[in-house]
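Spelled out, the chains give:
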Amino acid sequence: MGMEIEKKFIPKELPKNLAQFEHHKIEQAYLNTAPVVRIRKQDNEYYLTYKGGGMMAREEYNLPLNAESYQHLREKADGNIITKTRYLIPINDGNLTAELDIFENKFSGMLLVEVEFDSVEQADAFQKPDWFGDEVTHDKMYHNSYLSKL
């Protein structure tokens, strides 16, 4: 169990040399959106995640799944299955990581970048890099659980 504290932004441009950064192929689907119950395949790992309410700070629990359980639950998913490539980009002298999502399929062309923080104070003090663009942390339209229902 943990508290997830994150901010979301719409990037206005992509960082140079994107291919040099660590990245993961992600597929996720939602069994429920209020509260959020999500399954995710990241490369060859599988998880079930429960997220409590809230926009910037909320409880999050992750449980490992195997491939068979993931496929079984995937058939029960509501709405859109979301696929994206997530790039992990060090920012703020490597003290933080920007998670840049480039969406595919139905949401092809959509970009979103998130930063996770250790505390609300750290989140509030965050100075975003120029390429980050507008903050959308409190806009539910940019929560993947919302996208799953479009």
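Quick note: structure is the one above.
What counts and what doesn't
Residues numbered from 1 in each chain as written. Predicted model: local features only at pLDDT ≥ 70, side-chain atom pairs only at ≥ 80, totals over all residues. Heavy atoms only, no water. 1 Å grid on protein atoms, 1.4 Å probe; cavity = no way out; pocket = protein on both sides within 12 Å on 5 of 7 lines; lining within 4 Å. Points joined across faces, edges and corners; volume = space filled by probe spheres on them. Helix = DSSP H or I, 4+ residues; strand = E, 2+ residues; numbered from the N terminus. Nonpolar A, V, L, I, M, F, W, Y, C, P; charged D, E, K, R; others polar. Pairing = 2+ DSSP bridges. Salt bridge = Lys/Arg side-chain N within 4 Å of Asp/Glu carboxyl O. Buried < 20%, exposed > 50% of the residue type's maximum accessible area, 1.4 Å probe, protein only.

(A) Just the layout of surface pockets, in detail. By volume, the largest pocket is sized at about 370 Å³. In terms of lining residues, the largest pocket is bounded by 25 residues, among which Glu4, Arg38, Arg40, Lys51 and Arg86 are the most central. Listed by contribution, the elements that provide at least two residues to the lining of the largest pocket are β1 (2-10), β2 (22-33), β3 (36-42), β4 (45-51), β5 (57-65), β6 (78-91), β8 (111-117) and α3 (144-147). When residues in the lining of the largest pocket are grouped by element, the largest group, four residues, is from β3. By residue class, the composition of the lining of the largest pocket is four nonpolar, eight polar and 13 charged. Approximately 240 Å³ is the volume found for the second largest pocket. Broken down by class, the residue content of the lining of the second largest pocket amounts to five nonpolar, six polar and four charged.

(B) A look at the pairing of β6. Relative to β6, β2 runs antiparallel, the two sharing eight bridges. When the bridges of β6 are listed, Ile26 appears paired with Lys84. As defined by bridge partners, β6 adjoins strand β7 (residues 96-103) across eight bridges and the pair is classed as antiparallel. When the bridges of β7 are listed, Lys84 appears paired with Phe103. In this antiparallel pair of consecutive strands, β6 and β7, the connection spans four residues, and Asn92 shows a positive phi of 50°.

(C) View of the pattern of salt bridges. According to the stated counting rule, one finds 11 salt bridges in the structure shown. Between Lys8 and Glu6 there is a salt bridge whose closest N-O contact spans 3.4 Å. We classify Lys8 as buried; its relative accessible area is 3%. Overall, the relative accessible area of 2% leaves Glu6 in the buried class. Two residues, Asp101 and Arg86, come together in a salt bridge whose shortest N-O distance is 2.7 Å. Of this pair, Asp101 sits in strand β7 while Arg86 is found in strand β6, placing the two residues 15 residues apart along the sequence. The buried category is assigned to Arg86, whose relative accessible area is 7%. A single salt-bridge network, built from bridges that share partners, covers Glu4, Lys51, Arg58 and Glu60.

(D) Fine view of unusual backbone geometry. In this structure, Pro35 follows Ala34 across a cis peptide bond, with omega equal to 0°. Following the sequence through the fold, Pro35 ends up in the loop between β2 and β3. A positive phi angle, near 55°, is found at Asp43, a position not held by glycine. We note that Asn92 has phi near 50°; this positive angle belongs to a residue other than glycine. In this structure, Asn92 sits in the loop between β6 and β7.

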